[in-house]
Each structure stands twice: as C-alpha cells, then as structure tokens.
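So you can see what is in the structure, the chains are spelled out below.
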Amino acid sequence: MSRRFYVETYGCQMNAYDSQVMAGGLERAGWEPAACPEEADLVLVNTCAVREHAERRVLGRLSQLAALRRRRERPLVLGVVGCMAQRLGADLVAATGGCVDLVVGPDQYDRLPDLAAAAAARGEALICTERDHGAVYRAKPRTAPPGGSHFVAVMRGCDNYCAYCVVPYTRGRERSKPWRQVRDEVADLAARGAFEVVLLGQSVSNYRDGDVDLAGLLERLHDIPGLQSLRFLTSYPTDASERLLRTVAALPKVGTELHLPFQAGSDRILAAMNRRYTVAEYEAVLDRARGLIPDALFTTDIIVGFPGETEADFAGTLSVVERQGFASAFTFKYSARAGTRAARLPDDVPRPVKEERLARLNALQSRKTRELLESQLERTLEIVLDEPSKKRETQLRGRSRNNLRVIVDRAPGLRLGVRVRARINAIAGTTLIGTLAGEA
Ligand code: SAH
Ligand code: SF4
Ligand code: F3S
C-alpha cells in the first residue's frame, strides 16, 4: 500500500505556498495525499511563530495529534515544519512530550521526502533546521491545485529586522527567485486553470533578479495567457517606488489594492520598532499612490501595545486609520518574541490596555470599511468572478481590480474566471451585492 501524507497549515500565505511545495515534493517521491490525519502515515504541521498565540494554537493541535499517534496501531510520523520548527528545533520534542518525530525548517524542504522516510525508520526524533540562504522553492504539485487563485512565492526571508518580529530569524536572509522560474511557475498554473496569481514576499517590493525588479517582474508576467489578475504582498511601505506604482497603474490586470503595513501611528514608536519611516512619510506614500493609481485602495497591519506605547501614541494610530480609510486592517496585540530586539524592552502595556486599544481600533476600522462600501453603492464595478458564493448556490462571488468583493446572481454562460460588470445595490457584512450589467 502506498504511503499517505496530510499537511495542516497555520500562519501566513508564505506557509500556504510552502505547504504546496512540500506536497509536491512528497507526491513526486511516491507519497499520496490523505483526506484527513486519521488516514495518513505522515502528518506535517506547518507552523507560525509570529505571536505567542499562534504558537499556543499549534502546541494545542500537536497534543491532539500526539494522542492520535498514541492510540493508533499503524505508525504515524508526526512532523513539525515552518517557522516554529526553525525557531524551536529540538526543543519542540520536549515541548510536546516526545511526540514529534520530525522537525524541519523552511530552508530544508527539498529534503523532506528523504527525511520523512528516515524518521519513519528510526526510533528517535529527526531534527533538520540547517540554514541554506540560497534555497528558493518552486511548488510543483502533481495533482492540479483546486481553485482559480494561487500564491507564488517570489522571495524568501527578510532583512528588515523590525524590532518586534521573529521572521528574519525563522526565514533567514532575503533572496529572490529567478524571474524565469517565476514566469514558468505562473505559466504552469495558468495553463492548469488559475486565473489569479498573488506574488509573495515578506518584503516583496525589494524583489530583484539582476536588472529585473518587482515592476519588471509584473511586466514579464502580465501577458501570460489565461491570467486575469496579478497581485502582490507585502510591500514595505517606503520601498513602494514611483516606478512600481506607475507600473501597477499601467498594467490593467495588476490589482490596485496595496497592502502597506504601517504598524503604529507615532514616530517615537516607529523608531523603536526599527521601521524606517515616519507617519508623514508613510502617508506621503499613500498620497503618491492615490495620485498615480486612480482606484487605489489600501490595507494595512497595525500593532497595539508595543513597549512604551502611551495613550497619545495610540491616538496617533487611530488618527492614521481615521484619515486614510483603509479597506481593511489586520490588527494585533504586541507579543514579545524571544531573540528579537523588542524582547529586551519591558512589555509594559498591561494586557487589558492592549485589549481595550485593540477593541477601539477595530471598531474604528469597521466604521471606515463600512463607509468605503457605502461609497460604492450605485456604482458599476468591473469584477472577475472568482468563487461560488459561500452562502447561496445561486450566486457567485467576484472581486474588483481593487479587491472589493461583490456577489452576483448566477446566470447562463457565467463561470469562474470571467470578467463582468456589476452594479452595486446593497451591502452584506463586508461584501457588496450587485446586479449584472453585462460582460466587461
Ligand atoms: N512581512 C510582512 C508581514 C510580517 S508578519 C510585513 O512586513 O508586513 C504580519 C504582521 O504581524 C506584521 O505586519 C505585524 O503587524 C504583525 N506582527 C509581527 N510580529 C509581531 C509581534 N511580535 N507581535 C504582534 N504582532 C506582530
Ligand atoms: Fe517582520 Fe518587518 Fe520583515 Fe515584515 S518587514 S517580516 S514585520 S521584520
Ligand atoms: Fe508566521 Fe512564519 Fe509567516 S512566523 S507569519 S508563518 S513567515
């Protein structure tokens, strides 16, 4: 009987992509995907270390899987991969009461099939977290991945060393994938039915392969047949160059929603975070982008309760959100990570204060999201239909170039990947409701 694997993914889009890399490697080595952990011989948990909460969730899940491993007669190899594997290495074995058989860091995924076989054969845990600052991966799943939208990592690692962040330690040095390799990967996905590709990097605006920067990469991917939409994440705000913004504006398939994390609305806190910009410089980037890209929308990441954050600092964060009207924001309570620079500072904002600031921030952002959606009523948006509606069989969802989500009724001839026009007449939660106004 063939061996079967199951991968469970936590954390960011990079991890979602890496899970495809690992699945592809295992499939080529003769493993087959299992439908659930119970049916698998190898379970990999792809982990995130960015906040303590993320790690606690993974540890909870590992203890459930360890119980499965104990009660089952057939052997189960339990592997931990991803950022927690890199951060904790052999300590993970102790942290899970000896139930982990395999620990593999993100630079070693090419060796995973061999390591999994070796772990199955030996009695003690196998730890493989060596660094390889040259490793860039290509996801080559044997079975066509489902759905129309796919991530493609174009960079790995991060050299920014924001004071709070564990990623440079778990992901290693920044490196770019050769542009031809990216092009082949995207062309491959498009040939298998993908109509959207999201290019990934922790700091993707730094992409560089020889003379080819991120703008040059977008130009080289834009005309791949079948592709309807091309997006990228995440830009370090002040690295989003004028050339990049002009290229986004000029290439019609490139999405005009930009993810530009600002983290904090106080210059003092930004400096302590080792972010290389002031609030004014950040807002100038958004102004410049709006000037060059007519329908630009922005999303962002924000941390509340960084060491030393006062009520006045936090008021600065609220006022950036009030002024800028982000389409959405990912908001986090500061979580000290061992080994980072900020971990040496006293984590002095009490937890109830962090929670109260987070609640106020989220309430403000919800109001701003609502205002943005209301401003779309009566407008006609061009959307690419991208998935069946989660709520109703009779409806499809699409997304506009600036990534607003729009639900329309199914109609004959409509299928996923098609570009249509929709007139917006209602709002449901964070989604717009439209009626079809013809093919685009
Ligand atoms: N490379 C991306 C994303 C990194 S992690 C970027 O630079 O934007 C995603 C988000 O998690 C960060 O933007 C930050 O807002 C948040 N984050 C990172 N470390 C954190 C920590 N120690 N505590 C709380 N939030 C954190
Ligand atoms: Fe972390 Fe900063 Fe790098 Fe983003 S840019 S991954 S927040 S160190
Ligand atoms: Fe988490 Fe690693 Fe991504 S720490 S956010 S999975 S790069």
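Residues numbered from 1 in each chain as written. Chains lettered and ligands numbered in written order. Predicted model: local features only at pLDDT ≥ 70, side-chain atom pairs only at ≥ 80, totals over all residues. Heavy atoms only, no water.

Undergrad: I'd like a description of the packing of aromatic side chains, backed by residues and values.
TA: Enumeration over the complete set of coordinates arrives at eight aromatic pairs. Taken together, a centroid distance of 5.9 Å and an interplanar angle of 70° make the contact between Tyr236 and Tyr277 edge-to-face. Within this pair, whereas Tyr236 is found in the loop between strand E13 (229-233) and helix H9 (242-250), its partner Tyr277 is found in the loop between helix H10 (267-272) and helix H11 (279-292), the two being separated by 41 residues in sequence. No difference in accessibility class separates Tyr236 from Tyr277, as the two residues are buried. Residues Phe262 and Phe326 carry aromatic rings whose centres are separated by 5.7 Å and whose planes lie at 15° to one another, so their mutual orientation is stacked. Taken as a pair, Phe262 in the loop between strand E14 (257-259) and H10 and Phe326 in the loop between helix H12 (311-324) and strand E16 (328-333) lie far apart in primary sequence, 64 residues in all. Here Phe262 falls in the buried class, since its relative accessible area comes to 1%. For Phe326, a relative accessible area of 1% gives the class buried. Chaining the aromatic ring pairs together yields one cluster made of Tyr236, Phe262, Tyr277, Tyr282 and Phe326. Over the ring of Trp179 we find Arg220, and its NZ or CZ is 5.0 Å from the ring centre. (Phe/Tyr/Trp six-rings, centres within 6.5 Å; stacked < 30°, edge-to-face > 60°. Helix = DSSP H or I, 4+ residues; strand = E, 2+ residues; numbered from the N terminus. Buried < 20%, exposed > 50% of the residue type's maximum accessible area, 1.4 Å probe, protein only. Lys NZ or Arg CZ within 6 Å of the ring centre and 35° of its normal.)

Undergrad: Now, about the side chain of Ser266: what can you tell me, with residues and values included?
TA: Structurally, Ser266 is set in the loop between E14 and H10. With residues up to four places along the chain from it excluded, the contact list for Ser266 reads Val279 and Asp313. (Contact = heavy atoms within 4.5 Å.)

Undergrad: With reference to specific residues and values, describe the sheet that holds E13.
TA: With respect to topology, three strands assemble into an open sheet ordered E7-E10-E13, the strand pairing being parallel. Single-partner strands in this sheet number two, and they are strand E7 (149-153) and E13. Between one strand axis and the next, the sheet turns by 25° as a mean value, whatever way the strands run. Pairing analysis gives five bridges linking strand E10 (residues 196-200) to E13, with the strands arranged parallel. In the sheet register, Glu196 faces E13, and the bridge partner there is Ser229. Helix H7 (residues 179-191) rests against E7 and E10 of the sheet, and its axis sits at about 165° to E7. (Pairing = 2+ DSSP bridges. Axes fitted to C-alpha atoms, helices over the stretch in contact; angles between N-to-C directions.)

Undergrad: So, the domain arrangement of the protein chain: which residues are in play, and what are the values?
TA: When the domains of the protein chain are assigned, the result is domain 1 (4-128), domain 2 (141-255), domain 3 (291-375) and domain 4 (380-439). Each of domain 1 and domain 2 has a C-alpha centre, and the two are 26 Å apart. Domain 1 puts 18 residues into the contact, and the matching count from domain 2 is 20 residues. A combined buried area of about 1,700 Å² lies between domain 1 and domain 2, and 56% of that area is made up of carbon and sulfur atoms. Broken down residue by residue, the surface that domain 1 buries against domain 2 is led by Met14, Tyr17 and Glu27, which jointly contribute 38%. One can count three salt bridges joining domain 1 with domain 2. Between the two partners, domain 1 and domain 2, sit six residue pairs in polar contact (both at pLDDT 80 or more). Looking at the side of domain 1 that touches domain 2, the elements that each hand over two or more residues are helix H1 (13-28) and helix H3 (83-88). Considering each element in turn, the side of domain 1 that touches domain 2 owes the most residues, nine residues, to H1. (Domains from an automatic or database assignment. Buried area = accessible area lost by both parts, 1.4 Å probe. Salt bridge = Lys/Arg side-chain N within 4 Å of Asp/Glu carboxyl O. Polar contact = N/O pair within 3.5 Å; in protein donor to acceptor, adjacent residues only side chain to side chain.)

Undergrad: Outline the site of ligand 3, supporting the account with residue identities and numerical values.
TA: Around ligand 3 sit Cys12, Asn15, Thr47, Cys48, Ala49, Val50, Cys83, Arg171 and Gln202, and those are all the residues in its vicinity. Split by residue class, the shell around ligand 3 holds five nonpolar, three polar and one charged. (Near = heavy atom within 4 Å. Nonpolar A, V, L, I, M, F, W, Y, C, P; charged D, E, K, R; others polar.)

Undergrad: So, H9: which residues are in play, and what are the values?
TA: Among the residues of H9, those classed as buried are Leu244, Leu245, Thr247 and Val248. Along the axis of H9, the buried positions cluster into a sector of 160°, meaning they face one direction only. Those residues of H9 that are buried lie in contact with helix H8 (214-221), E13, E14 and H11. (Arc of directions from axis to C-beta.)

Undergrad: An account of the site of ligand 1 is requested, with residue identities and associated values reported.
TA: Near ligand 1 lie 14 residues; those nearest to it are Arg51, Gln202, Gln263, Asp301 and Ser335. Between a nitrogen atom of ligand 1 and a main-chain N or O atom of Tyr164, the distance comes to 3.0 Å. Expressed as a share of its isolated accessible area of 540 Å², the protein-covered part of ligand 1 is 88%. Contributing elements (two or more residues each) for the shell around ligand 1: strand E15 (297-304) and E16. Residues belonging to the shell around ligand 1 are distributed by class as follows: six nonpolar, four polar and four charged. (Areas by Shrake-Rupley, 256 points an atom, 1.4 Å probe, with all protein chains shown as cover.)

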